[in-house]
Structure formats: structure tokens, C-alpha cells
Amino acid sequence: MQLSYCMSRFDFKQKGRNMELQRIDKILSSQNIASRSELKQMIQQGRVSVNGQTVKNAREKYDPETVAIAVDGREVCFRRYVYIMMNKPAGVLSASRDFRDKTVVDLLPRELQRKGVFPAGRLDKDTEGFILITDDGGLAHQMLSPKQHVYKLYEAVVDKVLTEEDVTAFRQGITCGELHFLPAEMKITAPHTALVEICEGKFHQVKKMFHAVGAEVLHLRRLRIGNVFLDPALPSGGFRELTNEEIHAILGKLHGI
Ligand code: URA
């Protein structure tokens, strides 16, 4: 198994989340450092330390969020949850499982699927771009709450020439039948293309907002969640873990840190 390390310990404390003591070999295998049996050997070889003290026994227990763990002298970045940025392709469902269609979770390797990950928030089947996939149960709910002001930026290509009146309508807050959408910023970047920023997550929201001003969305792509941009190096269907800074940018805001 490949060794993976972080250069600095991920010591971001999440409010109200208490970590219990866990065996050191369990902690390290949860971070994909090595298998439990490999880790036992590494511990016997004196390669693992906690707070600078060599660990003698794989059964020793620690709170991984409050100690500094190192393997071969390099600090291990402990992450309780996984946070994955995916460039969702069109035609794939933002769900964990589906009997008919491929889902974003199906695009991940088995070891991540086994962690019980799911998409935090939804993109329509035909929408592309940034989807966050995690095993952090509290995150999705919080991210979608307008009270949290986590803005999401979309690029939309529509079937009519956009006007300043459309920009004003978005800024005033669109009402569409029973539905009312909070004021949103829209910036026209080409006659048929605009960037739109919203902090709600209502069903088909961007499409409905454009529909209300007489435009149908032909193509929709999410470019940013909070302050975190979709990595332009990710191909369609590609994914990577969020960096510590990116996790801070999303979670830190949710937890008021
Ligand atoms: N708004 C939409 O209409 N669709 C999406 O997928 C996301 C936001």
C-alpha cells in the first residue's frame, strides 16, 4: 500500500465533535498510511511516534485530533472525514447509488466508496462541474442552508441574448409561481453566457431563475463552492481530495472559525 503523508498536521478543530481514543494502528490505517499488519511491523521497527515519543505497541490508544503523529519522522495529516472535489461529468447522477444510472460515487475507487461517501448537495444529471463528496454527515445540510451564506458560482449558457434587465431581475430576487429566490448576482460574460452566484440549493434553481426571465439553460457548470474553485486541472470525471486550506475555506466558514 502506498504511503501518504501531509507536511503539516491537520489540526482544525470542529466545534462539538469529540474524538474518542483509538488504537494507533487503526488511526494510521484509516489515513491509508499502510495496512494494519504493515503498521504493526512499522511500530515494532520504531518508525511511528506520538508527540515525539516512539510508539512501542500497536494497541496504544490516542485521540488523533489532539496529538502529533509521525511516521519515519514525517508528520501525518489526520483527517476524520474525507472531502473530495470532483469535476462531475454530464450524464452522471449526484447520488450514492442508482439502479439505472452511473453515480458520482461509482466514479470513485472502492476504498473511498467503502467509507460511505455521498455527494454534499445536488447537481442535475446534465449539470457539470464542482461536486463535493464526503462522509461528513453534517456538512451537506449546513452547506445548503442559506443562513450559512455558502455561495455557489455557476456558469450558464442560455438560448437568448441576456440583458441588463435580466441582471436587475436576478438582483431583486426572482419570484416564480409559489417559489421565491433570494437576490442573486448575475454577470453577463458573453451574449448567451453568464456567471450566477446563489446561496440556496433549491431544486433546478438556476434553470428556474433563467426561465423566469425568458431564457432556457442549455449548459450549466458549477465553478466554485464558497471560496473554493473547481481545480482546472481536473478532467471531466476527475477528482482529488481537498487540501487543508480548501477544507478550512469551506468548513471554517460553516463553523464560524
Ligand atoms: N441549479 C440548477 O438548475 N441545476 C443545478 O444542477 C444546480 C443549480
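Fair warning: this is a prediction, and the values are worked out from it, not measured in the lab.

The subject of this paragraph is the confidence of the model for the protein. On average, residues of the protein score 88 in pLDDT, and 90% of them reach the 70 mark or higher. Summarising per-element confidence for the protein, the mean pLDDT is lowest in helix α4 (residues 137-144) (77) and highest in strand β13 (residues 185-190) (98).

Attention now moves to the environment of T193. The topology assignment puts T193 in strand β14 (residues 193-198). Residue classification places T193 among the buried positions, given a relative accessible area of 14%. Along the primary structure T193 and D98 are separated by 95 residues, whereas in three dimensions their C-alpha atoms are 32 Å apart. Every residue in contact with T193, bar those within four places of it in the chain, is listed here: E155, A156, V157, L162, K187 and I188.

Next up on the list: the environment of L242. Inspection of the secondary structure puts L242 in the loop between β17 (239-241) and α7 (244-254). The residues touching L242, leaving out its near neighbours within four places in the chain, are R79, Y83, M85, L132, I247 and I250.

This part covers the packing of aromatic side chains. Tallied over the full model, the rule gives two aromatic pairs. When the centroid spacing of 6.4 Å and the interplanar angle of 65° are considered together, the rings of Y81 and Y83 count as edge-to-face. Its relative accessible area of 17% is what places Y81 among the buried residues. Y83 gets classed as buried once you look at its relative accessible area, which sits at 3%. Look at F170 and F210: their rings are 5.0 Å apart centre to centre, the planes differ by 55°, and that puts the pair in the tilted class. One end of the pair, F170, is in helix α5 (residues 164-172); the other, F210, is in helix α6 (residues 205-212), and 40 residues separate them in sequence. We note that F170, like F210, is buried.

Pairing is antiparallel in the open sheet, where four strands are placed in the order β3-β2-β5-β6. The open sheet terminates on both sides in strands that have one partner only, identified here as β3 (53-54) and β6 (74-75). One ladder, built from two bridges, connects strand β2 (residues 48-50) with β3; its direction is antiparallel. Counterpart to S49 in the pairing with β3 is T54.

Criteria and cut-off values
- Residues numbered from 1 in each chain as written.
- Predicted model: local features only at pLDDT ≥ 70, side-chain atom pairs only at ≥ 80, totals over all residues.
- Heavy atoms only, no water.
- pLDDT = per-residue confidence, 0-100.
- Helix = DSSP H or I, 4+ residues; strand = E, 2+ residues; numbered from the N terminus.
- Buried < 20%, exposed > 50% of the residue type's maximum accessible area, 1.4 Å probe, protein only.
- Contact = heavy atoms within 4.5 Å.
- Phe/Tyr/Trp six-rings, centres within 6.5 Å; stacked < 30°, edge-to-face > 60°.
- Pairing = 2+ DSSP bridges.

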